[in-house]
Amino acid sequence: MISEWFQRVGSSIPRGFSRYFILELLKKTPHTGKEIIDYAVEQSNGIWKPSPGLIYPLLGRLLDEGLIDETKDGRYQLTQKGKDTADDVDKVNDIVKKQLEVLFRLGNVGRFVAIDLLEKMSALGSILSSNFTNMTDDETQKYKKFLEEELKKINEKKSKPKGKEIKIE
């Protein structure tokens, strides 16, 4: 699934991915900026080589947002707010993953829908990510409430199947 998507978009990384990559990495252990860059290169087998011009300003924004702090030895670690944010991302990721698995089981039609969904989510994520730092607390709460309501609708639909079950082999 993901390999097909990477083939389609080449080596470009979706806007906003770096932010969540860093938060996910820092959940495990504190890292320096250079260690973050080296880990990204290693994990992507050299396909993604984030520059210091990307990573360090991003770390600065995460510091300003209170999601990370810097230790005395120059490493960055998650704050409680950062941990909560990373946990929220994990929950959304789990929901999306389950839904994509169902779509991919439906063959080519499901793949088409899944790829379209990924593109839309990427665009939405980019918009939210680029505006998130400029949002007021009230706007942030409105976004959160909206997303929680949409999530609730999805969960309700999953628990109330309509019609007959169709098996595709």
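Residues numbered from 1 in each chain as written. Predicted model: local features only at pLDDT ≥ 70, side-chain atom pairs only at ≥ 80, totals over all residues. Heavy atoms only, no water.

**Some remarks on the overall build of the protein chain**
Moving on, step 1. Along the backbone of the protein chain there are 7 helices and 2 strands.
Moving on, step 2. The contacts of the protein chain with a sequence gap of at least 6 include a subset with a gap of at least 24, amounting to 48%.
Moving on, step 3. When the accessible surface of the protein chain is totalled, it reaches about 12100 Å², and 56% of it is carbon and sulfur. (Helix = DSSP H or I, 4+ residues; strand = E, 2+ residues; numbered from the N terminus. Contact = heavy atoms within 4.5 Å. Areas by Shrake-Rupley, 256 points an atom, 1.4 Å probe, with all protein chains shown as cover.)

**Digging into helix H4 (residues 52-64)**
Moving on, step 1. An ideal rise of 1.5 Å per residue puts 18 Å on 13 residues; H4 measures up with 18 Å between its terminal C-alpha atoms.
Moving on, step 2. Those residues of H4 that fall on the buried side of the exposure criterion are Ile-55, Leu-58, Leu-59 and Leu-62. Taken down its axis, H4 places every buried residue within 105° of arc, on the same side. Structural note: H4 exposes Gly-53 and Asp-64 on the side pointing more than 90 degrees away from its buried face.
Moving on, step 3. Packed against the buried residues of H4 are helix H2 (17-28), helix H3 (33-43), strand S1 (68-70) and strand S2 (76-78).
Moving on, step 4. Just downstream of H4 lies Gly-66, where phi reads positive at about 80°. (Expected span 1.5 Å × (residues − 1). Buried < 20%, exposed > 50% of the residue type's maximum accessible area, 1.4 Å probe, protein only. Arc of directions from axis to C-beta.)

**Side note on the confidence of the model for the protein chain**
Any residue range with low pLDDT should be treated as having predicted coordinates unsuitable for detailed reading.
Moving on, step 1. Mean pLDDT for the protein chain: 76, with 68% of residues reaching 70 or above.
Moving on, step 2. When pLDDT is averaged over each element of the protein chain, S2 comes out on top at 94 and helix H1 (residues 2-9) at the bottom at 48. (pLDDT = per-residue confidence, 0-100.)

**Looking at the side chain of Thr-79**
Moving on, step 1. With respect to the element layout, Thr-79 can be found in the loop between S2 and helix H5 (80-105).
Moving on, step 2. Residues within four places of Thr-79 in sequence aside, it is in contact with Gly-66, Leu-67, Ile-68 and Asp-69.

**Observations concerning the packing of H2 against H4**
Moving on, step 1. One can describe the packing of H2 onto H4 by two numbers: an axis separation of 10 Å at closest approach and a directional angle of 70°. One way to sum up the angle between H2 and H4 is to call them roughly perpendicular. Facing Ser-18, Arg-19, Ile-22 and Leu-23 of H2, the residues of H4 in contact are Leu-54, Ile-55, Leu-58, Leu-59 and Leu-62.
Moving on, step 2. For the contact of H2 with H4, a count of residues per class yields 7 nonpolar, 1 polar and 1 charged. (Axes fitted to C-alpha atoms, helices over the stretch in contact; angles between N-to-C directions. Parallel < 35°, antiparallel > 145°, perpendicular 65-115°, else oblique. Nonpolar A, V, L, I, M, F, W, Y, C, P; charged D, E, K, R; others polar.)

**Describing the nonpolar core**
Moving on, step 1. Counting 18 residues, the largest nonpolar core has Ile-22, Leu-23, Leu-26, Ile-36, Leu-59, Leu-62 and Ile-68 as the members making the most contacts within it.
Moving on, step 2. Mapped by element, the contributors of at least two residues to this core are H2, H3, H4 and S2.
Moving on, step 3. Tallying contributions element by element places H2 first for this core, with 5 residues.
Moving on, step 4. Discounting chain neighbours no more than four positions away, the residues touching Leu-62 are Arg-19, Ile-22, Leu-23, Leu-67 and Ile-68. (Core = buried A, V, L, I, M, F, W, Y, C linked by side-chain atoms within 4.5 Å.)

**Topic: unusual backbone geometry**
Moving on, step 1. Unusually for a residue other than glycine, Asn-45 sits at a positive phi of about 55°.
Moving on, step 2. For Asn-45, the position within the fold is in the loop between H3 and H4.

**Brief notes about the packing of aromatic side chains**
Moving on, step 1. As enumerated under the stated definition, the model contains 2 aromatic pairs in all.
Moving on, step 2. Ring centres 5.2 Å apart and planes at 85° place the aromatic pair Phe-21 and Trp-48 in the edge-to-face group. Of this pair, Phe-21 sits in helix H2 while Trp-48 sits in the loop between H3 and H4, placing them 27 residues apart in sequence.
Moving on, step 3. For Trp-48, a relative accessible area of 10% gives the class buried.
Moving on, step 4. Feature note: the residues Phe-21, Tyr-39 and Trp-48 constitute an aromatic cluster, connected by ring pairs. (Phe/Tyr/Trp six-rings, centres within 6.5 Å; stacked < 30°, edge-to-face > 60°.)

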